Amino acid sequence: MIKFTLNGRTVETDAPATARLLDLLRDEFELIGTKEGCGEGECGACSVFVNNLLQNSCLIPIGSIAGADIQTIEGIIETEQFKILDESYSIAGGVQCGYCIPGMIMASAALLSENPHPSEAEIREGISGNLCRCTGYNMIVEAINLAAKKGDGL
Amino acid sequence: MIEKITAYRFERLDETLSQLNREDCAIIAGGTDVMVLHKSRRGVPPKIPKPIVFINHLSELKQVYQHHKDLHIGACCTYSELLENPLIPFALKNAIKTIAAPAIRNRGTLGGNICNASPAGDMLPLLYVYNAKLLLRSVNGDRMVAISDFIQGPRQVQRFHNEMVTEIILPFVLGDSHVVFEKVGNRNADTIAKVSFAGFVRISKDRIDDIRFAFGAVGPTMVRSIDIEKKLIGKTIPLADADIAEIVAAFDKIIRPIDDQRSTAAYRKTVALHLLRYFLSMKQYQPN
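Bear in mind the structure is a predicted one, so any value in this text is a computation, not a measurement.

## Overview of the domain arrangement of chain B
Residue and element names in this part refer to chain B.
- According to the domain assignment, chain B consists of domain 1 (7-170) and domain 2 (177-280).
- On a C-alpha basis, the centroid separation for the pair domain 1 and domain 2 is 25 Å.
- Each partner contributes residues to the interface: domain 1 has 22 residues there, and domain 2 has 24 residues.
- Together, the buried faces of domain 1 and domain 2 total about 1,800 Å²; carbon and sulfur atoms form 65% of this surface.
- Where domain 1 touches domain 2, the interface holds 1 salt bridge.
- Between D122 and K183 there is a salt bridge, with the nearest N and O atoms lying 3.0 Å from each other.
- Our count for the contact surface shared by domain 1 and domain 2 stands at 7 residue pairs in polar contact (both at pLDDT 80 or more).
- The element that contributes the greatest number of residues to the side of domain 1 that touches domain 2 is helix α7 (residues 124-129), accounting for 5 residues.
- Taken together, the residues of the side of domain 1 that touches domain 2 break down into 16 nonpolar, 5 polar and 1 charged.

Structure representation (structure tokens):
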């Protein structure tokens, strides 16, 4: 039995230790905001926070997260930072098909928490592990820039 | 039907080593390579053919310290942890910034990158030019091995099943050195190298005291030649065109890349030699 914290709640699972955190989140806990893109750590669609650090849930065997604090996109939705990112992405037109967006928002939130006023280069670096096949990234970069200005330290 | 999977996660290193002594296990640090290597279809756990031992929570494997001026790096330090550690050389940090992306740097470990022994392993060219040594620990004690002896071929390392790489040791370098790392891939982030190159040079009074090169992704393991390096010792900077041509020609003979899904042998060789020529043609080398 593996026990950990998921979006603030203590949870347990008897899934095998090698199960991917991504599958556990989507299939067992029905948190389907976290997406599977490549399944190889190259696209960032499955990004979550593990002890407040951005990580790819497709690469995490759940046996390694016993006792850890996991947050998914569903877990940050009530935060002020999320609200500002949400608004900024829509103003900048940062969302088209939307599949990459939960991962993009997680990467954006991780970046802004660490570096509240990033340069454009730092924004691009912050989302460098996240692929978007619609926007060409410029609108996403603009959205994060906007959120940094509005959030001013959030 | 759920297959039975045996996995261990001990609180201490000594308990982990005892388990390795009892049983041949797959060691998982960050898991960023092993989870891809054994990937199944969606919803199905990766099929890892041995019992599993998780180690990336062990604090004994996350220490970074200096001992007799050598730098000791715990095998389970993630790339992000290395970027934040004041003891890690700037040249290494600059290289790490070009590897993967934030999410993988928060998970992938230096020891994992070495033990995965990929011909394209990102940190390997640098560790070769730093003459890195590895500390292997088992219930029977410690042994030290040079990284170039440890890595035998693609995914082949010289590790007995009861041993674990616990530290990576960068020997002390006397004086100022200039170190470069270049990686060529399809994308800046999260990419597997088509070619990689590390160069190391130490100059005193315009003469080369020490020079080292290692090429990645152009052979089964890193390509390094101490014989070729020796030809440059004592030469004056900037190097003469004839010297540069001689060194490039010597590597042209020993670099034998292959065609695969990421690149072609011809491209890899051309780029590897260009990177070498560029490094040798620098007018001056600033210590970093």
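## Section: the packing of aromatic side chains
All names here are of chain B.
- The final tally for this structure, using the stated rule, is 10 aromatic pairs over all chains.
- Ring geometry for F197 against F213: centres 6.5 Å apart, planes inclined by 25°, an arrangement best described as stacked. Pair noted here: F197 is in strand β12 (residues 195-204) and F213 is in strand β13 (residues 207-216), with a separation of 16 residues, a long-range link. With respect to burial, F197 and F213 carry one shared label: buried.
- Put simply, the rings of F197, F213, F215, F251, F279 and Y285 pair up and form one aromatic cluster.
- For the cation-ring pair, K69 lies above F172, with the distance from its terminal atom to the ring centre recorded as 4.9 Å.

## A closer look at the packing of helix α10 (residues 241-254) of chain B against helix α11 (residues 265-280) of chain B
Residue and element names in this part refer to chain B.
- For the pair α10 and α11, the least separation of the axes is 10 Å and the interaxial angle reads 150°. For the element pair α10 / α11, the angle class is roughly antiparallel. Crossing hand, α10 versus α11: right-handed. Mapping the contact onto sequence places I244, I247, V248, F251 and D252 in α10 and K269, L273, L276, R277 and L280 in α11.

Procedures and definitions
- Residues numbered from 1 in each chain as written.
- Chains lettered and ligands numbered in written order.
- Predicted model: local features only at pLDDT ≥ 70, side-chain atom pairs only at ≥ 80, totals over all residues.
- Heavy atoms only, no water.
- Domains from an automatic or database assignment.
- Contact = heavy atoms within 4.5 Å.
- Buried area = accessible area lost by both parts, 1.4 Å probe.
- Salt bridge = Lys/Arg side-chain N within 4 Å of Asp/Glu carboxyl O.
- Polar contact = N/O pair within 3.5 Å; in protein donor to acceptor, adjacent residues only side chain to side chain.
- Helix = DSSP H or I, 4+ residues; strand = E, 2+ residues; numbered from the N terminus.
- Nonpolar A, V, L, I, M, F, W, Y, C, P; charged D, E, K, R; others polar.
- Phe/Tyr/Trp six-rings, centres within 6.5 Å; stacked < 30°, edge-to-face > 60°.
- Buried < 20%, exposed > 50% of the residue type's maximum accessible area, 1.4 Å probe, protein only.
- Lys NZ or Arg CZ within 6 Å of the ring centre and 35° of its normal.
- Axes fitted to C-alpha atoms, helices over the stretch in contact; angles between N-to-C directions.
- Parallel < 35°, antiparallel > 145°, perpendicular 65-115°, else oblique.
- Left-handed = near helix turned anticlockwise from the far one by under 90°.

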